[in-house]
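Examination of the molecular architecture
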Amino acid sequence: MTERLSEVRRNVEMVRSRIQEAASAAGRDPAEIRMMAVTKTQSVQRVNEAIAAGVTLLGENRAQELLEKYDGYHREACDIHFIGHLQSNKVRAVIDKVTMIESVDRLSLAQEIDRCAKAHGLVMPVLVEVNIGREESKSGVLPENLSGLLEELSGLPGLSVQGLMAIPPNVEDSVQKEGYFEQMYRHFIDIKAKKLDNISMTVLSMGMSHDYPLAIRHGSTIVRIGRALFGERM
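Since the model is a prediction, treat every value here as computed from it, not as a measurement. Throughout this document, residue positions are counted from 1 along each chain, in the order its sequence is written. Reporting in this predicted model follows two pLDDT cut-offs: at least 70 for local features of residues, and 80 or more for side-chain atom pairs to be given and counted; totals over whole chains, interfaces and linings ignore these cut-offs and use all residues. Excluded from the side-chain calculation are hydrogens and water; included are all heavy atoms of the structure.

Salt bridges are counted wherever a side-chain nitrogen of Lys or Arg sits within 4 Å of a carboxyl oxygen of Asp or Glu. Overall, the coordinates contain 14 salt bridges when judged by the stated rule. Between Arg106 and Asp105 there is a salt bridge; the shortest N-O distance is 2.6 Å. Under the scheme applied here, a residue whose accessible area is under 20% of the maximum for its type counts as buried, over 50% as exposed, and between as partly exposed, the area being computed with a 1.4 Å probe on protein chains only. On the basis of relative accessible area, Arg106 is assigned to the partly exposed category, the value being 23%. Residue Glu112 pairs with Arg115 through a salt bridge whose shortest N-O separation is 2.7 Å. In this pair, Glu112 and Arg115 both sit in helix H5 (residues 107-119), three residues apart, roughly one turn of the helix. Take Glu112: its relative accessible area is 18%, and that puts it in the buried class. A relative accessible area of 46% places Arg115 in the partly exposed class. Helix and strand labels come from DSSP, where a helix needs a run of H or I of at least four residues and a strand needs a run of E of at least two; each type is numbered from the N terminus.

If you want it as structure tokens, here you go:
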């Protein structure tokens, strides 16, 4: 177990170095990019090892798993984002335990976040998830419906839209994958230019263990890293 924990620390340093290299190659400041440790199926001990190595952002996929592990995390200097598909009936359970919900993909979910946030005296930062690859197996609003959803969300005072999130198709063709990242960045910039009420495009969450350098090239500000930090899921 000690050896595996040490591996986490080494991996954190390796990913941090690759983020810096990718940012520099793209002419960006590495400080603009946050590394998220995706904690799905990982033990509290291994996640805390990542925190001890300097990780300041965790990504949680499942509400029940978050509730089970929450009290064990060394989270004093760590943000937690909810990144998985969120059922409306689970919002109340996580609303006071996360600092952002990245997976808002429909008005009904946003309305429940708004209701629960106001009940807790909060304004919840959220990202709108975009199904940029139009995959039936994935959540997310279709690109052509993005503007309409944002207009509806702008009227909900219990949440603050701070950007976009996407999980592009895991394709082998790097040119095709790059196209998905380019499309996301274009949506991000276009929406920012509109200056909608309660909509601020400051966060673009895209890129995972297998493609985060490419995502950084195309403007990602959060890269969601699981396997490259923790190895294959337990």
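Moving on, we come to the side chain of Glu112. There is a polar contact of 2.7 Å between the side chain of Glu112 and the side chain of Arg115. Any pair of residues with heavy atoms lying within 4.5 Å of one another is described as a contacting pair. With residues up to four places along the chain from it excluded, the contact list for Glu112 reads Ser88 and Val91. In protein, a polar contact requires one atom able to donate a hydrogen and another able to accept it; more generally it is a pair of N or O atoms within 3.5 Å, and residues adjacent in sequence count only if both atoms are side-chain atoms.

Of all five residues in strand E1 (residues 34-38), four are buried; the element is thus mostly enclosed. When E1 meets strand E8 (residues 222-225), the two strands line up parallel, connected through four bridges. In the strand pairing of E8, Arg34 is matched with Ile222. Two strands make a pair as long as DSSP finds a minimum of two bridges between them. One ladder, built from two bridges, connects E1 with strand E2 (residues 57-60); its direction is parallel. Bridging across to E2, Val38 finds its partner in Gly59. Crossovers are described as right-handed under a simple rule: with the strands pointing away from the observer, the path leading from the first strand over the helix to the second runs clockwise. Regarding the hand of the β-α-β motif, the stretch spanning E1, helix H2 (residues 44-52) and E2 is right-handed.

Further remarks concern the environment of Met100. Looking at the element boundaries, Met100 is found in strand E4 (residues 100-104). Remark: the alpha-carbon pair of Met100 and Ile19, spanning 81 residues in sequence, is separated by 22 Å. Apart from residues lying up to four places away in sequence, Met100 is in contact with Ile80, His81, Phe82, Met124, Pro125, Val126, Leu127, Gln162 and Val203.

Attention now moves to helix H7 (residues 174-194). With 21 residues, H7 should cover 30 Å at 1.5 Å per step; its first-to-last C-alpha distance of 31 Å lies within 8% of that length. Among all positions of H7, only Lys177, Glu178, Gly179, Tyr180, Phe181, Met184, Phe188 and Ile191 are buried. Where H7 is buried, its residues contact strand E5 (124-130), helix H6 (146-153), strand E6 (159-166), strand E7 (199-205) and helix H8 (212-217). Sitting at the head of H7, Asp173 places a side-chain oxygen 2.9 Å from the backbone nitrogen of Val175. Within two residues after H7, Lys195 carries a phi angle of roughly 50°, on the positive side. Multiplying 1.5 Å by the helix residue count minus one yields the expected span of that helix.

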